[in-house]
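These are the residues of each chain, in order.
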Amino acid sequence: MLRVTFQGHSCFTITDGKSNIIIDPFLKGNPKAKAKPDEMKVDAVLLTHGHSDHLGDGIEIAKANKAQLIAPFELAMFCQSKGASVHPMHIGGSHDFPFGRVTLTIAHHGSGWVDGDTIIYLGNPCGFVIRMEGKNVYHAGDTGLFYDMKLIGELYPLDLALLPIGDNFTMGPREALKAAELLSPKMVIPMHYNTFDLIAQNPQAFLSRLPGAIGGKILEVGDSYEL
Ligand code: NI
Ligand code: MN
């Protein structure tokens, strides 16, 4: 059994009872988050891109846990320069880790860290397909809609898709509905909405429009879904 817990915004922890991973740990800076970075006991930290609402507390959590930080190459090198132990990957590649298999997928977005009055550009953003306990979980990262989502669903039949619906910076509900159709997962959990006013959305309205064959679930911060 896999337990997927929503930690707010785009942050999820996933455990199979043996290994624990965290994706996009935006905790300290997120007023809606309940967990604190020092409460996170993880074996790996996965980062989709370098924006502050995704990189978040990732370096601190990776260091505190002596956990490997898994990210696209440029972002991984940035985190290594800050003292984290990293495993760089890139889009299209997969790797078997002790906790499971990770594949990096495309994401149409940006990736950079604002350092005072300069922006450190951190290469391409990504999404993740994570295979643990024989289940495929897709975390889309921040992205616009892209037709190749159909390929992701075909190559890695998805048990769960975590999709941004906040609009403005990512897909909105209309695009995320099309994404769900293309990906054809068993279950969709929306993310990246209602953290701040600019990305306010009604997740119930979104779920009610999902095709009948695709289940949907809204997780409140701290709630888990088991698959
Ligand atoms: Ni972003
Ligand atoms: Mn974001």
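Remember, predicted model here, so these are calculated numbers, not experimental data.

(A) Structural view of the state of the cysteines. In total, this model carries zero disulfides according to the counting rule given. No disulfide involves cysteine 11; its nearest neighbouring cysteine sulfur is the one of cysteine 79, lying 15 Å away. The class of cysteine 11 is buried, set by a relative accessible area of 0%. There is no disulfide at cysteine 126, and the cysteine sulfur nearest it, in cysteine 79, is 12 Å away. Residue class for cysteine 126 comes out buried when judged on its relative accessible area of 1%.

(B) Quick look at the coordination of the manganese ion (ligand 2). Protein coordination at the manganese ion (ligand 2) comes from Asp53 (OD), His54 (NE2), Asp142 (OD) and His192 (NE2), with a distance range of 2.2 to 2.3 Å. Between the two metal centres, the manganese ion (ligand 2) and the nickel ion (ligand 1), the spacing is 3.2 Å, with aspartate 142 acting as a shared donor. Of the two residues, aspartate 142 sits in the loop between strand 12 (135-139) and helix 4 (149-155) while histidine 192 sits in the loop between strand 14 (187-191) and helix 6 (203-208), which places them 50 residues apart along the sequence.

(C) The side chain of threonine 15, seen in detail. Looking at where threonine 15 falls in the secondary structure, it is placed in strand 2 (residues 12-15). Engagement of the side chain of threonine 15 in a polar contact is seen with the backbone oxygen of serine 19, the distance being 3.0 Å. A distance of 2.8 Å separates a polar atom in the side chain of threonine 15 from a polar atom in the side chain of asparagine 20. Once residues within four sequence positions are removed from consideration, threonine 15 is found in contact with Met1, Leu2, Arg3, Asn20 and Met132.

(D) Local environment of the packing of aromatic side chains. Here the structure, examined in full by the defined rule, presents three aromatic pairs. Between phenylalanine 6 and phenylalanine 12, the aromatic rings sit 5.1 Å apart at their centres with planes inclined by 40 degrees, giving tilted as the arrangement. The pair formed by phenylalanine 6 and phenylalanine 12 is uniform in burial state, with each residue classed as buried. Look at phenylalanine 78 and tryptophan 113: their rings are 6.3 Å apart centre to centre, the planes differ by 45 degrees, and that puts the pair in the tilted class. Taken as a pair, phenylalanine 78 in helix 3 (residues 73-81) and tryptophan 113 in strand 9 (residues 112-115) lie far apart in primary sequence, 35 residues in all.

(E) Representation of helix 3 within the structure. Among all positions of helix 3, only Leu75, Ala76, Phe78 and Cys79 are buried. Buried residues of helix 3 fall within an arc of 160 degrees about the axis and therefore sit on the same side. In this structure, the buried residues of helix 3 make contact with helix 1 (52-55), helix 2 (58-65), strand 5 (68-72), strand 6 (86-89), strand 9 and strand 10 (118-121). A positive backbone phi angle near 105 degrees is found at glycine 83, which sits one or two residues after helix 3.

(F) View of the sheet that holds strand 16 (residues 224-226). With mixed pairing, seven strands are arranged side by side in an open sheet as 6-5-4-3-2-1-16. Each edge of the open sheet carries a strand with a single partner, namely strand 6 and strand 16. The mean inter-strand angle of the sheet, taken between neighbouring strand axes irrespective of direction, is 20 degrees. Pairing geometry for strand 1 (residues 3-6) and strand 2, over four bridges, is antiparallel. Its bridge partner being in strand 2, threonine 5 is matched across the sheet by threonine 13.

The rules behind each value
Residues numbered from 1 in each chain as written. Chains lettered and ligands numbered in written order. Predicted model: local features only at pLDDT ≥ 70, side-chain atom pairs only at ≥ 80, totals over all residues. Heavy atoms only, no water. Disulfide = S-S within 2.5 Å. Buried < 20%, exposed > 50% of the residue type's maximum accessible area, 1.4 Å probe, protein only. Donors = N, O, S within 2.8 Å, 3.2 Å for Na, K, Ca; no water. Helix = DSSP H or I, 4+ residues; strand = E, 2+ residues; numbered from the N terminus. Polar contact = N/O pair within 3.5 Å; in protein donor to acceptor, adjacent residues only side chain to side chain. Contact = heavy atoms within 4.5 Å. Phe/Tyr/Trp six-rings, centres within 6.5 Å; stacked < 30°, edge-to-face > 60°. Arc of directions from axis to C-beta. Pairing = 2+ DSSP bridges. Axes fitted to C-alpha atoms, helices over the stretch in contact; angles between N-to-C directions.

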